[in-house]
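Read off the chains here:
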Amino acid sequence: MQMSRMSSPSIGMDEDSGAGHALTDFLLQLENYSPSIPDSVVAYYLNMSGFESQDPRLIRLIALASQKFLSDIANDALQHCKMRTSSQINQSSKNQKGPKEKKYVMTMEDLVPALQEYGISAKKPHYFV
Amino acid sequence: MSENTEKVESSCDARRRILNIAVSTVLLETGFHATDKMSLETLTEIVQCFLTEVGNSAKGYCELSGRVEPVIGDVMMAIINMGINLQGIEQYAARPNRHVIQPPQQAPVPRTPAMLSAGSKAKPAPHIPFHLPPLPDPHAYIRTPTHKQPVTEYEAIREKAANQKRDIERALTKFLAKTSETHNLFNTDDNQVFPLIACKPTFPAYLPCLLPTDQVFDFDELEYHFQVANRTEDMPADKKDQSDNEGENGGDNENANNSQSENQDAPTSSSPERNKT
């Protein structure tokens with residue numbers, strides 16, 4: 001399947017065609033790189049919603065996009081977590097241990113504000129009825 | 001609705017677990033050392049919904065422009081429409097500390113053992129598509145009669161009946177000749193050649209039929225003894241001679257009771273006295 005400008009007539013704007021160009025080139029590089037999520041799993045979930053593609057590069061692009069999305073969220077959550085722990089360490093001024101606590105644990109407290117910035121509201125009940 | 005999704009999730013449990021692993025990998029790369037279950041499940045759910053949504057939107061864009069196979073432009077439109085920023089994706093792809101998960105191995109399909117199969121299954125005819133299940137055992141749909149059509153001619157049936165009757169009679173007489181007393185035509189001791197069933201009538205003749213008895217093991221325990229079919233093998237030796245004598249004499253006696261007691265080879269105390277008298 002030819003990945004060229006001609007194959008995507010729906011995109012006519014210059015910015016998008018530029019992005020399409022860049023991504024087309026990127027797609028060629030993608031053949032060597034495999035994302036963390038296996039191809040078969042991504043293909044399964046895409047097939048469930050009707051998206052069938054014989055080109056594995058497209059699958060890998062989607063997998064990579066989801067991975068990047070996830071890592072963005074995780075980075076934001078990490079920022080929240082660091083803010084929290086740094087404020088706690090500053091409060092306990094007596095530092096027996098020189099290096100700061102390096103282990104970060106992701107909890108819902110960090111995740112919810114990080115998701116909030118992306119427009120995803122994840123409200124879990126504190127108790128189960 | 002939630003039940004439907006639960007059922008769907010249970011069927012693709014393995015893939016969900018792989019997504020869990022992938023999400024954990026991404027978190028590890030980010031710098032986290034641990035996470036709690038709820039966060040992990042939330043992120044996994046987000047990833048699954050992301051993939052589903054991208055697939056849906058890309059398919060929609062593809063069909064909107066009159067195509068059937070999605071193209072990269074469709075995928076890009078879908079992602080951008082969702083608001084995902086893909087600016088630094090190339091740098092992200094080239095990051096140094098990336099982990100790759102092994103693709104899941106295909107588990108072998110468990111073969112149901114062929115139980116209760118008799119005979120070999122026939123090959124499907126060429127007009128049957130190959131993806132249909134195989135034919136059942138041939139005995140399920142093929143009927144072969146186990147016997148020939150019996151002969152219904154009158155002559156043949158009469159002949160068969162006559163043959164059967166003759167064979168039955170012959171077999172029975174041979175059996176009786178071998179097991180019970182025999183007469184001898186010739187004046188020799190051994191009578192192997194022409195055994196005749198000895199005919200020794202008992203008096204009264206109907207009495208053994210009215211009072212049937214099982215096989216006699218111990219003559220001393222008998223209350224009554226009849227000479228069943230003139231059988232003398234079971235009798236003890238001394239009584240046999242007496243009963244033979246008594247049997248010959250008993251025919252002349254008109255008294256039914258006396259003849260009964262004479263014919264008896266009874267071990268009771270009263271009857272030997274009667275026999276001796």
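Residues numbered from 1 in each chain as written. Chains lettered and ligands numbered in written order. Predicted model: local features only at pLDDT ≥ 70, side-chain atom pairs only at ≥ 80, totals over all residues. Heavy atoms only, no water.

## Some details on the overall build of chain B
When helices and strands are tallied, chain B shows 10 helices and 3 strands. Taking all 277 residues of chain B together, the buried fraction comes to 27%. Residue pairs at least 24 apart in sequence account for 38% of intrachain contacts in chain B once pairs closer than 6 positions are excluded. (Helix = DSSP H or I, 4+ residues; strand = E, 2+ residues; numbered from the N terminus. Buried < 20%, exposed > 50% of the residue type's maximum accessible area, 1.4 Å probe, protein only. Contact = heavy atoms within 4.5 Å.)

## Focus on the overall build of chain A
The helix and strand inventory of chain A stands at 4 helices and 1 strand. From first element to last, N terminus to C terminus, chain A shows the α and β order α-α-α-β-α. Across the 129 residues in chain A, those meeting the buried criterion constitute 40%. Looking at chain A as shown, the accessible area adds up to about 7,700 Å², and 53% of this sits on carbon and sulfur atoms. (Areas by Shrake-Rupley, 256 points an atom, 1.4 Å probe, with all protein chains shown as cover.)

## Considering the environment of G73(B)
By the secondary structure assignment, G73(B) is in helix α4 (residues 72–82). In the structure, G73(B) is positioned 12 residues away from Y61(B) in sequence and 8.8 Å away in space, judged by C-alpha atoms.

## A few points about the environment of L86(B)
With respect to the helices and strands, L86(B) occurs in the loop between α4 and α5 (89–93). Its relative accessible area of 15% is what places L86(B) among the buried residues. Between the C-alpha atom of L86(B) and that of M76(B), which follows or precedes it by 10 residues, the distance is 9.3 Å. With residues near it in sequence (within four places) discarded, L86(B) still touches A65(A), M76(B) and I79(B).

## Comments concerning the confidence of the model for chain B
Residues and elements named next belong to chain B. Looking at chain B as a whole, its pLDDT mean stands at 74, while 68% of the residues score no less than 70. When pLDDT is averaged over each helix and strand of chain B, the minimum, 43, is found for helix α10 (residues 270–276) and the maximum, 93, for helix α3 (residues 37–64). Here residues 1–9 is a poorly scored stretch, pLDDT under 50, and it has 3 contacts once near neighbours within four places are set aside; other chains count. Counting contacts from residues 245–277, a segment whose pLDDT is below 50, to residues more than four positions away or on other chains yields 31 contacts. Prediction confidence for the complex, expressed as pTM and ipTM, is 0.53 and 0.77 respectively. (pLDDT = per-residue confidence, 0-100.)

## Considering a positive patch on the surface
Side chains of R166(B), R170(B), K174(B) and K178(B) sit close together on the surface and give a patch of like positive charge. Turning to its location among the elements, K174(B) is positioned in helix α6 (residues 154–179). (Patch = residues over 30% accessible without salt bridge, like charges linked within 9 Å, V, L, I, M, F, W, Y side chains within 5 Å. Salt bridge = Lys/Arg side-chain N within 4 Å of Asp/Glu carboxyl O. Lys, Arg positive; Asp, Glu negative; His and termini not counted. Charge placed at Lys NZ, Arg CZ, Asp CG, Glu CD.)

## Considering the side chain of T30(B)
Structurally, T30(B) is set in helix α2 (residues 13–30). The class for T30(B) is buried, based on a relative accessible area of 15%. A polar contact of 2.7 Å, which involves the side chain of T30(B), links it to the backbone oxygen of V26(B). Leave out the neighbours within four places in its chain, and T30(B) touches A74(A), N75(A) and L78(A). (Polar contact = N/O pair within 3.5 Å; in protein donor to acceptor, adjacent residues only side chain to side chain.)

## Remarks on the interface of chain A and chain B
Many authors give the size of an interface as the accessible area that is lost as the parts come together. Taken together, the contact pairs 57 residues of chain A with 62 residues of chain B. Interface area for chain A against chain B, summed over the two sides, is near 5,200 Å², with a carbon-plus-sulfur share of 77%. When the buried area of chain A at its contact with chain B is split by residue, Y45(A), L70(A) and M106(A) rank highest and sum to 13% of it. Viewed at the interface, chain B and chain A are joined by 0 salt bridges. The interface formed by chain A and chain B includes 7 residue pairs in polar contact (both at pLDDT 80 or more). A total of 17 residues in the side of chain A that touches chain B trace back to one element, the largest contributor, which is helix α3 (residues 56–91) of chain A. Residues of the side of chain A that touches chain B, tallied by class, amount to 38 nonpolar, 14 polar and 5 charged. (Buried area = accessible area lost by both parts, 1.4 Å probe. Nonpolar A, V, L, I, M, F, W, Y, C, P; charged D, E, K, R; others polar.)

## Observations regarding the packing of helix α4 (residues 108–117) of chain A against α3(B)
It is at 9 Å that the axes of α4(A) and α3(B) come closest, and there the two elements cross at 30°. Regarding the angle of α4(A) to α3(B), the classification is roughly parallel. Two packed elements cross with a definite hand, and for α4(A) against α3(B) that hand is left-handed. Residue-level inspection shows M108(A), L111(A) and L115(A) of α4(A) in contact with α3(B), the latter providing M38(B), S39(B), T42(B), L43(B) and I46(B). Classifying every residue of the contact of α4(A) with α3(B) by side-chain character gives 6 nonpolar, 2 polar and no charged. (Axes fitted to C-alpha atoms, helices over the stretch in contact; angles between N-to-C directions. Parallel < 35°, antiparallel > 145°, perpendicular 65-115°, else oblique. Left-handed = near helix turned anticlockwise from the far one by under 90°.)

## Topic: a nonpolar patch on the surface
Among the surface-exposed residues, L185(B), F186(B), V193(B), F194(B) and L196(B) lie close enough to one another that they form a single nonpolar patch of about 530 Å² accessible area. Along the chain, F194(B) turns up in the loop between β2 (182–184) and β3 (195–197).

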